[in-house]
Structures are given as structure tokens and as C-alpha cells.
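# Commentary on secondary and tertiary structure
Now for the letters of each chain:
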Amino acid sequence: MKLYRYLTGPDDAAFCKRVSAALNKGWQLHGAPTLTFDSARGRVICGQAIVKDVPGEWSDDVVLSEH
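Attention here is on the structure that accompanies the text. (Residues numbered from 1 in each chain as written. Predicted model: local features only at pLDDT ≥ 70, side-chain atom pairs only at ≥ 80, totals over all residues. Heavy atoms only, no water.)

Between its first and last C-alpha, helix 1 (residues 12-24) extends 18 Å over 13 residues, near the 18 Å set by a 1.5 Å rise per residue. If you check which residues of helix 1 are buried, you get F15, V19 and A22. An end-on view of helix 1 places all buried positions within 60° of arc, on one side of the element. Turned more than 90 degrees away from the buried face of helix 1, the exposed residues are A13, K17 and N24. Against the buried residues of helix 1 lie strand 1 (2-9), strand 2 (28-29) and strand 4 (43-53). Count one or two residues on from helix 1 and you reach G26, which has phi positive near 95°. (Helix = DSSP H or I, 4+ residues; strand = E, 2+ residues; numbered from the N terminus. Expected span 1.5 Å × (residues − 1). Buried < 20%, exposed > 50% of the residue type's maximum accessible area, 1.4 Å probe, protein only. Arc of directions from axis to C-beta. Contact = heavy atoms within 4.5 Å.)

Printed below as a string of C-alpha cells:
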């Protein structure tokens, strides 16, 4: 089964830390990163889709945090 996640971070340091942790757990980058401006907070939010192939089929019991 292929799992998809979308990581975001409120600043470069937090975003890079989350992406690095995911890569260390076997996730791979998927597509180009994105930048979104949060006008309410006046800051840019970084985002990146990641993907991972895991054994098994999809069910409602799958918990992304376990991968």
C-alpha cells in the first residue's frame, strides 16, 4: 500500500526538522515543495508531500504515525 502525507511547518527550521525525520523513517519526497502565505499570522508556511510504500492493504485501522 502507498501512504501519502503532507508535512507543513511554521518556519524553515521546524519544517526541515519534520521532513528530515520523515526521510529518516523511510519516507520519500513526492513532488515539489510549496509555500503558502498565512495572512492571519503574516508568515509563510512551507509544505512538502511525502510518500512511502508499506506492505499490506488499506484499512481504517492504518495509523500514519506508526509509519
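Read on for the rest.
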